[in-house]
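What the coordinates show
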Amino acid sequence: MSQQPVLLPYADPAFVADPFPLYRQLREDGPVRRAVIAGGLEAWLVTRYEDGLMALSHPQLSSDVRDASDPRLIERLPTTERESVLRNMLRSDPPDHTRLRRLVSKAFTARRVAELRPRVQEIADRLLDEIVPAGRADLIESYALPLPVTVISELLGVPVADRHDFQQWTDDMVLRGNEPPDPARVDGAWQQMRSYLTKLLEAKRARPGDDLLSALTVARDEEQRLDEDELIAMAFLLLAAGYITTVNLIGSGIAALLAHPDQLRMLRDDPALLPGAIEEFLRYDGPVNPGIARFAREDVTIAGVNIPRGATVLVASAIADRDPQHFPEPDRLDIARQDNAHLAFGHGIHYCLGAPLARLEGQIAIGTVVRRLPDLALGVSPDELRWRPGGLRGPEHLPVTFTFDDATAGSRS
């Protein structure tokens, strides 16, 4: 394909607020498009649903960034410990991925997630109790962010008091916009994060508790266990991935309901729609944007397009999840939609291990707001909302207003 790569203009606030018109055009132009994405990197966008589904399971598309030919993909990682940063299941392939996921799955069980429901509800209610008397709040800062941070901190056994530190370190390592990241900032953040996690894991070994990090320190599979670098990389992945995308799911979901009052009324009238509504929020405006990266081990062909060895392939779930060939009226938010088999959590062996937890937190967080704040309204005009540029998508702030009364105060579940 000889076309010049299209720039995804993350410096343009209008694009960041609503990238979907350009995404629609890219999908209509062809199934695979070269593009300049977050951090100024070039990738081949897979824009259609069926092709994306195939690409996520393609044997010659690797999750290991070391298979990429663009040196910038490695250079943007911490310079001193790049190998250890990559030693987690998100950026590994079989057989390493199989071993790592099996070990982590032993600790991150469906039972453990299901048992969290009462505690997640308690956290959601407490956070709302703290803000409802004021009648206004930034729902990101006061609700959508602290809820999953508190949940993942308790699940992993990380002191909640330390959350501001690891939030800042994570933020310093996340790509934003078209500009390349600052290597010094990335290095500094990783060194602080590694030092923190090393001390925390030492404490878990000395006094193990009933938490995920303690379980990971002793997780075994056929007499193998996670080594120190794998433990630290896995702890970082679970800590960062365990909250940052869920913040965006909650924020974007509430923003979508406020922008579609008919859907908000439907959900209030029929709370049984909530599980399907979460899937629709993930399809309609998911937290990963534009999609999921893979790297070509060999020359590959997708939808008749030849992609060279070493190229970055971005399965653009944000584009593919609005493919009209798979989703009728894809640009319409429909919380009662029946076919919501979106790609927001990926597909195949790398399907998101934390998906059940994200779904649980999304259902409780959004359901509690809908139930307890019946007159919830956006506190600014819609065009004043600011969205995160590049890589991960969600509102940076979500100012809302509501009325506090005794009925609202007494409606905790």
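The following refers to the structure shown.

What follows is about the nonpolar core. Core analysis: the biggest nonpolar cluster contains 115 residues, and Tyr-143, Leu-147, Leu-216, Ile-254, Phe-281 and Leu-376 have the highest contact counts within it. Not counting the four nearest positions on each side in its chain, Tyr-143 is found in contact with Ala-124, Leu-127, Leu-128, Asp-138, Pro-148, Ile-364, Ala-365, Thr-368 and Val-369.

Most of helix H10 (residues 146-156) sits out of view: ten of its eleven residues are buried. All of the buried residues in H10 are Pro-146, Leu-147, Pro-148, Val-149, Thr-150, Val-151, Ile-152, Ser-153, Leu-155 and Leu-156. Count one or two residues on from H10 and you reach Gly-157, which has phi positive near 85 degrees.

So, about the packing of helix H15 (residues 244-259) against helix H19 (residues 355-372). Orientation of H15 relative to H19, taken along the N-to-C sense of each, is 35 degrees, at an axis distance of 10 Å. The crossing of H15 and H19 is right-handed. Listed contacts from H19 to Thr-246, Leu-249, Ile-250, Gly-253, Ile-254 and Leu-257 of H15 are Ala-358, Glu-361, Gly-362, Ala-365, Ile-366, Val-369 and Val-370.

Topologically, Glu-361 is positioned in helix H19. No salt bridge forms around the buried Glu-361; measuring N to O, its nearest opposite-charge neighbour Arg-119 is 10 Å away. With residues up to four places along the chain from it excluded, the contact list for Glu-361 reads Val-120, Leu-147, Pro-148, Val-151, Gly-242, Thr-246 and Ile-250.

Attention shifts here to H19. Taking 1.5 Å as the rise per residue, H19 with 18 residues should run 26 Å; its terminal C-alpha atoms sit 25 Å apart, in good agreement. Where burial is concerned, most of H19 is hidden: 15 out of the 18 residues are buried.

All right, on to the environment of His-347 then. Looking at the secondary structure, you find His-347 in the loop between helix H18 (317-320) and H19. Taking the C-alpha atoms as reference points, His-347 and Val-120, separated by 227 residues in sequence, lie 27 Å from one another. What His-347 contacts, discounting residues up to four positions off in sequence, is Leu-53, Leu-56 and Ser-57.

Bringing the packing of aromatic side chains into the picture now. Applying the stated criterion across every chain yields a total of eight aromatic pairs. Relative to Tyr-196, the ring of Trp-169 lies with its centre 5.7 Å away and its plane at 55 degrees, an arrangement referred to as tilted. Of this pair, Trp-169 sits in helix H11 (residues 163-173) while Tyr-196 sits in helix H12 (residues 183-206); the two residues are 27 residues apart in sequence, bridging distant segments of the chain. A ring pair is formed by Phe-345 and Tyr-351, whose centres lie 6.2 Å apart and whose planes are at 75 degrees; its orientation type is edge-to-face. An aromatic cluster of at least three residues, connected via ring pairs, comprises Tyr-10, Phe-15, Phe-20 and Tyr-23. One Lys or Arg, Arg-34, reaches over the ring of Trp-44 and ends 5.8 Å from the middle of that ring. Stacked on the ring of Phe-327, the Lys or Arg Arg-283 has its end atom at 5.4 Å from the ring centre.

Under the defined criterion, the tally for this structure stands at 23 salt bridges. A salt bridge links Asp-331 to Arg-322; the shortest N-O distance between them is 3.2 Å. Under the relative-accessibility criterion, Asp-331 is labelled partly exposed at 33%. For Arg-332, the salt bridge goes to Glu-329, with nearest N and O atoms at 3.4 Å. On the basis of relative accessibility, which here comes to 36%, the residue Arg-332 falls in the partly exposed class.

Glancing now at the pairing of strand S3 (residues 42-46). Within S3, four of the five residues are buried, leaving the element largely enclosed by the surrounding structure. As judged from the five bridges shared by strand S2 (residues 32-36) and S3, these two strands associate in the antiparallel manner. Each residue of the ladder has a partner; that of Arg-34, found in S3, is Trp-44. The antiparallel pairing of S2 with S3 creates a hairpin that spans five residues between the two strands, and Gly-39 there sits at a positive phi of about 80 degrees. Pairing of S3 with strand S12 (residues 312-315) involves three bridges; the strand directions are parallel. Along S12, the bridge assignment pairs Leu-45 with Leu-314.

What follows is about the sheet that holds strand S5 (residues 136-138). Strand order in the open sheet formed by three strands is S5-S15-S13, with antiparallel pairing between adjacent strands. With one partner strand each, in any of the chains shown, S5 and strand S13 (377-378) form the two edges of the open sheet. Relative to strand S15 (residues 399-401), S13 is paired through two bridges, and the arrangement is antiparallel. By the bridge assignment for S15, Leu-378 is matched with Val-400.

Rules used in this analysis
Residues numbered from 1 in each chain as written. Predicted model: local features only at pLDDT ≥ 70, side-chain atom pairs only at ≥ 80, totals over all residues. Heavy atoms only, no water. Core = buried A, V, L, I, M, F, W, Y, C linked by side-chain atoms within 4.5 Å. Buried < 20%, exposed > 50% of the residue type's maximum accessible area, 1.4 Å probe, protein only. Contact = heavy atoms within 4.5 Å. Helix = DSSP H or I, 4+ residues; strand = E, 2+ residues; numbered from the N terminus. Axes fitted to C-alpha atoms, helices over the stretch in contact; angles between N-to-C directions. Left-handed = near helix turned anticlockwise from the far one by under 90°. Lys, Arg positive; Asp, Glu negative; His and termini not counted. Salt bridge = Lys/Arg side-chain N within 4 Å of Asp/Glu carboxyl O. Expected span 1.5 Å × (residues − 1). Phe/Tyr/Trp six-rings, centres within 6.5 Å; stacked < 30°, edge-to-face > 60°. Lys NZ or Arg CZ within 6 Å of the ring centre and 35° of its normal. Pairing = 2+ DSSP bridges.

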